[in-house]
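Read off the chains here:
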Amino acid sequence: MFSKPRNAAIACLAFALVAGYFVLGHYLYKVPIGLDQSGFIAGEAMHSIATLFVKNPTNSLSGAVLLLLVFLGIGAVCFFVARTAVRNRAADVDPSRRSFLTGAGTGAGVALGSMVVAGGVAAARGLLGVGHGGKGWAEISKHINDKDVVFTDPNWQAQWKGSRVQNYRRFGRTGWNVSDIVLGTGRIHDEDGEKVARLAIERGVNYIDTSPDYSAAGSENAVGRAIVGKRDQLFIATKFCTPIGHLAPGTSVAHYKRAVEASLERLGTDYVDLCHIHSCDSVERLMDENVHEAFDQLKAEGKVRFLGVSSHTPNLVEVANTAIDSGRFDVMMLAYHRGVWAPLPDIISRARAEQDMGIVAMKTLKGAKHQGLADFRDEADAYSQAALKWTLSNQDVSCAVISFFKPQHVDEYLYASGKQVTPADVAVLDEYDRRILGSYCGPHCGVCLGSCPEELAINDVLRHRMYFEDYGWEKEGMRLYSQLEKSAAACASCSAPCLGSCPVGVPIQERMNGAHRLLTLS
């Protein structure tokens, strides 16, 4: 192909430069996000290769394997191109010199040089953000790991210390009396999380909400350790899903059952009290005959007691009303907070009146945006309690779930247990609403969706931005965004017919463009 070895070496270095930036750099950019298999080419196969060397990985290793294979592939291509050029040159001069080892040294040298070039260029793109306005992992990691980022209220007040559950409420037709504050375990996964769970249980929390896809099954493992010796005193809820995502409609009965049985193994128990059809976005998934058959079998086997549905999608009205009308569901978990979408209180009331369903309020902190508002600190010390008290002021709400992941949260959140909402609380909530006006995309609305010519899931994009920007869940927000069928990249060049469609004044195109920049590091 190349008549001179020097030309071959130059071509290899040029190839390494291009491949390093556009291929290796691309994957180096993506790997730190922690994407599951679906985020990478041949992801499942790559993960399977990794498990030959790493036993029981807690996260997908698809990206790391693909990154390594691309890096080695660049070296291999350059080795053979340079070696072939030397051998061909040698054969032209003296055919007898052509042997297996001819050109091997040159090939190895060129391969090594090419890998250095490729690695350097990839690091420049992935870590330093060259070509992306300086937004690489080296810079953003400072933000993600910055000790000054406020993930929890800055003032751990003395009067909160030792707070305990003060009120238990009837959980609909389950017959249980559950703590009004529920231990959400979305960010619990290690020894520290286990300690937080144990402390919450000691302080009277008797309802724990977990899921296989919380911290890639780390949540269920930590909860399993925390409940040892106390299982019969607790109401445990999990979800019909796997550590890498939800189960689609049409999943086999056997697969649904295996998913729940895997949860039981991680939790170290032979039954769970409740299993949700998780983050349900359609009637098709809600009423999938296979999931209902699986639940009936699991219930008959004593492995699951009650069936629930969780939803915070624009299809909520249809999903919720179908769930109520079916009579199949014992529990419904919905995003509920002050200023929530207008039809929701009526849905909750109907669920209680017609089916005596237990109602769990989630997303009670309305996006926890006080973490992103530096000038809100004077009021933020009471915001979580005010939000929880307001939510629980609706007597049709059985309990409120909120994520605990630090010891402070046990004191901070349980301080609101059993308390009445006050005018001072309402003033805090009013001030919060004033400050987030035009930035918070409320769950269940969906008014804007019909205006988008690209049919983008605007609600999901902005929710994932909220996880990144306000919850402090940067990697989770990026991982979920990467799994959407369509990204918000198209918004940059769109004529924006969505403008003006938001009933609360969110500037959709601006927020979508910002979401794409945040969630792709681009």
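Residues numbered from 1 in each chain as written. Predicted model: local features only at pLDDT ≥ 70, side-chain atom pairs only at ≥ 80, totals over all residues. Heavy atoms only, no water.

Thoughts on the overall build of the chain
Helix and strand counts for the chain stand at 18 helices and 12 strands. For the chain, contacts bridging at least 24 residues in sequence account for 77% of all contacts bridging at least 6. For the chain, the computed accessible surface area is about 22600 Å², with 56% contributed by carbon and sulfur atoms. (Helix = DSSP H or I, 4+ residues; strand = E, 2+ residues; numbered from the N terminus. Contact = heavy atoms within 4.5 Å. Areas by Shrake-Rupley, 256 points an atom, 1.4 Å probe, with all protein chains shown as cover.)

Quick notes on helix H8 (residues 253–267)
Residues lying three or four places apart along an α-helix face the same way, a consequence of the helix completing one turn every 3.6 residues. The end-to-end C-alpha distance of H8 is 21 Å, a good match for the 21 Å that 15 residues give at a rise of 1.5 Å each. By the burial criterion, the buried members of H8 are Val253, Tyr256, Lys257, Ala259, Val260, Ser263, Leu264, Arg266 and Leu267. Buried residues belonging to H8 abut helix H7 (218–226), strand S5 (235–239), strand S6 (241–242), strand S8 (272–277), helix H10 (289–300) and strand S9 (304–311). Gly268 sits one or two residues past H8 and shows a positive phi near 70°. (Expected span 1.5 Å × (residues − 1). Buried < 20%, exposed > 50% of the residue type's maximum accessible area, 1.4 Å probe, protein only.)

Considerations on unusual backbone geometry
Phi is positive for Ser215, which is not a glycine, with a value near 55°. Along the chain, Ser215 falls in the loop between strand S4 (207–209) and H7. Of note, Asp356 is a non-glycine position whose phi angle comes to about 50°, a positive value. Summarising the element assignment, Asp356 is placed in the loop between helix H12 (344–355) and strand S11 (358–362). Owing to a relative accessible area of 22%, Asp356 belongs among the partly exposed residues under this scheme.

Let's talk about the environment of Val426
Structurally, the position occupied by Val426 is in helix H15 (residues 423–436). Taking the relative accessible area as the measure of exposure, Val426 reaches 28% and is therefore partly exposed. Considered as a pair, Val426 and Arg338 are 88 residues apart in the sequence and their alpha carbons are 9.4 Å apart. With sequence-adjacent residues up to four places away left out, Val426 is seen in contact with Arg338 and Val421.

Focus: the state of the cysteines
Taken as a whole and assessed by the stated rule, the structure comprises 0 disulfides. As a non-bridged cysteine, Cys78 has Cys12 as the owner of its nearest cysteine sulfur, 4.0 Å distant. (Disulfide = S-S within 2.5 Å.)

Considerations on a nonpolar patch on the surface
The grouping of Ile49, Leu52, Phe53, Val54 and Leu69 at the surface amounts to a nonpolar patch, some 510 Å² of accessible area in total. For Val54, the position within the fold is in the loop between helix H2 (43–51) and helix H3 (62–93). (Patch = residues over 30% accessible without salt bridge, like charges linked within 9 Å, V, L, I, M, F, W, Y side chains within 5 Å. Salt bridge = Lys/Arg side-chain N within 4 Å of Asp/Glu carboxyl O.)

Details of the packing of aromatic side chains
Counted under the stated rule, the structure contains 11 aromatic pairs. Note on Phe171 and Tyr207: the rings are 5.3 Å apart at their centroids and 50° apart in plane angle, and the pair reads as tilted. Of the two residues, Phe171 sits in the loop between strand S1 (168–170) and strand S2 (177–179) while Tyr207 sits in strand S4, which places them 36 residues apart along the sequence. Comparing Phe171 with Tyr207, the two get one shared label, buried. Members of the aromatic cluster, joined through ring pairs, are Phe171, Trp176, Tyr207, Phe235 and Phe306. The ring of Tyr21 is capped by Arg125, whose NZ or CZ atom sits 5.0 Å from the centre of that ring. (Phe/Tyr/Trp six-rings, centres within 6.5 Å; stacked < 30°, edge-to-face > 60°. Lys NZ or Arg CZ within 6 Å of the ring centre and 35° of its normal.)

Re the sheet that holds S5
What the 8 strands build is a closed barrel, ordered S3-S4-S5-S8-S9-S10-S11-S12; its pairing is parallel. Direction aside, neighbouring strands of the sheet carry axes that sit 30° apart on average. Contacting strand S10 (331–335) and S11, H12 crosses the sheet at an angle of about 170° to S10. (Pairing = 2+ DSSP bridges. Axes fitted to C-alpha atoms, helices over the stretch in contact; angles between N-to-C directions.)

Digging into the packing of H8 against H10
Two numbers describe how H8 lies on H10: the axes approach to 8 Å, and their chain directions differ by 50°. The angle between H8 and H10 falls in the class oblique. Pair H8 / H10 crosses with right-handed handedness. Only Asn290, Val291, Glu293, Ala294, Gln297 and Leu298 of H10 make contact with H8, whose side of the interface consists of Val253, Tyr256, Lys257, Val260 and Glu261. Here the contact of H8 with H10 is built from residues that sort into 6 nonpolar, 2 polar and 3 charged. (Parallel < 35°, antiparallel > 145°, perpendicular 65-115°, else oblique. Left-handed = near helix turned anticlockwise from the far one by under 90°. Nonpolar A, V, L, I, M, F, W, Y, C, P; charged D, E, K, R; others polar.)

Observations regarding the nonpolar core
Where a protein is soluble and globular, its nonpolar side chains tend to be buried together. Ranked by size, the top nonpolar core spans 70 residues in total, and within it Phe240, Met332 and Phe404 carry the most contacts. Counting residues in hydrophobic clusters, the runner-up holds 19 residues, among them Cys448, Val461, Cys491 and Val506. (Core = buried A, V, L, I, M, F, W, Y, C linked by side-chain atoms within 4.5 Å.)

What about the pairing of S5?
The buried count for S5 comes to 5 of 5 residues, which makes it a mostly enclosed element. Residues of S5 alternate between two faces, with Phe235, Ala237 and Lys239 on one and Ile236 and Thr238 on the opposite face, all of them buried. Strand direction decides the pairing type here: S4 and S5, joined by 3 bridges, are parallel. When the sheet's bridge partners are listed, Ile208 is paired in S5 with Ile236. As judged from the 3 bridges shared by S5 and S8, these two strands associate in the parallel manner. Bridged to Thr238 within S8 is Cys275.

Focus: the confidence of the model for the chain
Mean pLDDT over the chain: 83, with 83% of residues reaching 70 or higher. This model gives residues 140–151 a pLDDT under 50, and the stretch forms 16 contacts once residues within four places in sequence are excluded. Counting interchain partners and residues more than four positions distant, the pLDDT-below-50 stretch residues 370–377 has 22 contacts. (pLDDT = per-residue confidence, 0-100.)

A look at the pairing of strand S3 (residues 181–184)
Of the two faces of S3, both are covered, the one formed by Ile181 and Leu183 as well as the one formed by Val182 and Gly184. Bridge analysis of S3 against strand S12 (residues 399–403) gives 4 bridges, and the strand direction is parallel. Paired with Ile181 across the strands is Ala400, a residue of S12. Note that S3 and S4 share 2 bridges and pair parallel. Bridging across to S4, Gly184 finds its partner in Asp209. In this fold, the crossover linking S3 to S4 by way of helix H6 (residues 191–202) has right-handed handedness. (Right-handed = clockwise from strand over helix to strand, strands pointing away.)

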